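Listed below, chain by chain, are the residues.
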Amino acid sequence: MESATETLAEDAGTDEKSIAVHSWSMSGKQGEVFDDVDLEIPAGGLAIVRGPAGSGKTSLLLSLAGRMRVTSGEGRLGELDLRKQARAVRGRVAVGHVDGLTDLENDFTVAQHVAERQIMLQPWYKPWVSKSSLREVIDLIRETLQSATEFIDEQPEGAFSTTDAQRADFLIDDDGEVFVSELSELQKFFLEFGLACLSRPPIVVIDNIDYLRESDDRARAWAGILIYQQLRKTRDPDDPLTVIVSCEDSGEFDIASRSLGSNAEPTAVIELELPAGHPPHRHSRH
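Residues numbered from 1 in each chain as written. Predicted model: local features only at pLDDT ≥ 70, side-chain atom pairs only at ≥ 80, totals over all residues. Heavy atoms only, no water.

The name given to the protein chain in an unreviewed UniProt entry is ATP-binding cassette domain-containing protein, with the source organism recorded as Brevibacterium spongiae.

This part takes up the overall build of the protein chain. Helices and strands together make up the secondary structure of the protein chain, namely 9 helices and 9 strands. Taking all 286 residues of the protein chain together, the buried fraction comes to 51%. Summarising the internal contacts of the protein chain: among those between residues at least 6 apart in sequence, 72% fall at separations of at least 24. (Helix = DSSP H or I, 4+ residues; strand = E, 2+ residues; numbered from the N terminus. Buried < 20%, exposed > 50% of the residue type's maximum accessible area, 1.4 Å probe, protein only. Contact = heavy atoms within 4.5 Å.)

Another aspect to go through is the sheet that holds strand β8 (residues 242-247). In sheet architecture, strand pairing relies on hydrogen bonds along the backbone and comes in two forms, parallel and antiparallel. Here 5 strands make up an open sheet; going across it, the order is β6-β7-β8-β3-β9 and the pairing parallel. Of all strands in the sheet, those with a lone pairing partner are β6 (93-97) and β9 (268-271), marking the two edges. On average, each strand axis in the sheet is tilted by 20° relative to the strand beside it, whichever way the strands run. Sitting on the sheet, helix α2 (residues 57-64) is in contact with β3 (46-50), β6, β7 (203-206), β8 and β9, with an inclination near 160° to β8. Of the strands in this sheet, β6 and β7 touch helix α7 (residues 185-197), which is tilted by about 170° from β6. (Pairing = 2+ DSSP bridges. Axes fitted to C-alpha atoms, helices over the stretch in contact; angles between N-to-C directions.)

Okay, the pattern of salt bridges next. Taken as a whole and assessed by the stated rule, the structure comprises 7 salt bridges. With a closest N to O distance of 2.3 Å, glutamate 271 and arginine 50 form a salt bridge. With glutamate 271 in strand β9 and arginine 50 in strand β3, this residue pair connects regions lying 221 residues apart in the sequence. Taking the relative accessible area as the measure of exposure, arginine 50 reaches 23% and is therefore partly exposed. Residues arginine 232 and aspartate 239 are paired through a salt bridge, measuring 3.3 Å at the closest nitrogen-oxygen approach. Residue arginine 232 shares its accessibility class with aspartate 239, and that shared class is buried. Salt bridges here are not isolated pairs; linked through shared partners, they connect Arg200, Arg232, Asp236 and Asp239. (Salt bridge = Lys/Arg side-chain N within 4 Å of Asp/Glu carboxyl O.)

Right, let's talk about the packing of aromatic side chains for a bit. Between two aromatic rings, the relevant description is the distance of the centres plus the angle of the planes. Inspection of every chain in the model, using the stated rule, returns 3 aromatic pairs. Ring centres of phenylalanine 189 and phenylalanine 190 lie 5.3 Å apart, and the angle between their planes is 85°; this geometry places the pair in the edge-to-face category. Aromatic side chains phenylalanine 193 and tyrosine 228 sit 5.6 Å apart centroid to centroid with 80° between the ring planes, which places their arrangement in the edge-to-face category. Here phenylalanine 193 is found in helix α7, whereas its partner tyrosine 228 is found in helix α8 (residues 215-235), with 35 residues between them in sequence. Taken individually, phenylalanine 193 and tyrosine 228 each receive the classification buried, so the pair is uniform in this respect. (Phe/Tyr/Trp six-rings, centres within 6.5 Å; stacked < 30°, edge-to-face > 60°.)

The next thing to look at is α8. Across its 21 residues, α8 extends 30 Å between first and last C-alpha, which sits within 8% of the 30 Å expected from 1.5 Å per residue. Most of α8 sits out of view: 17 of its 21 residues are buried. (Expected span 1.5 Å × (residues − 1).)

Here the focus is a negative patch on the surface. Taken together, the side chains of Glu32, Asp35, Asp36, Asp38 and Glu40 make up a negatively charged region of the molecular surface. Along the chain, glutamate 32 falls in strand β2 (residues 31-42). (Patch = residues over 30% accessible without salt bridge, like charges linked within 9 Å, V, L, I, M, F, W, Y side chains within 5 Å. Areas by Shrake-Rupley, 256 points an atom, 1.4 Å probe, with all protein chains shown as cover. Lys, Arg positive; Asp, Glu negative; His and termini not counted. Charge placed at Lys NZ, Arg CZ, Asp CG, Glu CD.)

With that settled, the discussion passes to the pairing of β3. Within β3, 4 of the 5 residues are buried, leaving the element largely enclosed by the surrounding structure. Alignment of β3 against β8, held across 5 bridges, turns out to be parallel. Bridge pairing links leucine 46 to valine 243 in β8. Judged from the 4 bridges that link them, β3 and β9 form a sheet pairing that is parallel. Within the sheet, the bridge partner assigned to arginine 50 lies in β9 and is glutamate 271.

Within the secondary structure, phenylalanine 108 is located in the loop between β6 and α4 (110-121). Taking the relative accessible area as the measure of exposure, phenylalanine 108 reaches 28% and is therefore partly exposed. Between the alpha carbons of phenylalanine 108 and valine 178 there is a distance of 8.5 Å; along the sequence they are 70 residues apart.

Below, the discussion takes up the packing of α7 against α8. Contact geometry of α7 with α8 gives a least axis separation of 10 Å together with a crossing angle of 25°. Accordingly, the angle class assigned to the pair α7 and α8 is roughly parallel. Between α7 and α8 the crossing geometry is right-handed. Residue-level inspection shows Leu186, Phe189, Phe190, Phe193 and Cys197 of α7 in contact with α8, the latter providing Asp217, Arg220, Ala221, Gly224, Ile225 and Tyr228. Grouping the constituent residues of the contact of α7 with α8 by class yields 8 nonpolar, 1 polar and 2 charged. (Parallel < 35°, antiparallel > 145°, perpendicular 65-115°, else oblique. Left-handed = near helix turned anticlockwise from the far one by under 90°. Nonpolar A, V, L, I, M, F, W, Y, C, P; charged D, E, K, R; others polar.)

Below is the structure:
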């Protein structure tokens, strides 16, 4: 695959601002959730929302996704007003991972999850999917993973290996008949990310990448995001993917970026702090 990830930062530097908020603030019965956030992310960029547990990261991401209301501030997603056109915003911003919102069913197979998401994306009068269309989607996901494997194989010695890509391959079998309960945490992460990307949204938000227990898995998750962004950019330059990820520590992003031989930098980094008088939450990593 050509042009590797060294162009990621350049790709993000387009003139079109995918999403922008100013003085974005939220408060509730317990007081301030987050306050006075300014953020601009061009199409195809990657933004990091960083802060301790309890600093409002999840609420900020959900507000950008049109799923929570802020109390003040201005925000736009292209031509959409984030505060006034939340329903339309929800149609353009997919959620890759938020605890309690995107939880996978352990008793479902991968194919069942893919089919369920396909049905959600279809007209109401078509509440089913054919085996052929399901197989087509699974083949597309497998093709993407295969491209990622080939990409990794091209990296310098010492970077990510083919084994890394195999660890992320949640399909395992051609028909996706493996149950979610059999997947690793990393495979579940990529399944959630893959489901979020099925509708080819312009933006995906991913909360608390720290829930992946192992540092290596967090690095692989960041690498997967970067690789998928580059694959989509390569295949359709006019339809890049913007990703917003929250975490407590983004050290593994730097590992992934260096390991992929890229000089990619996040388009924006938002630092959130615990509100004054707010007791610290227990660390979210296990």
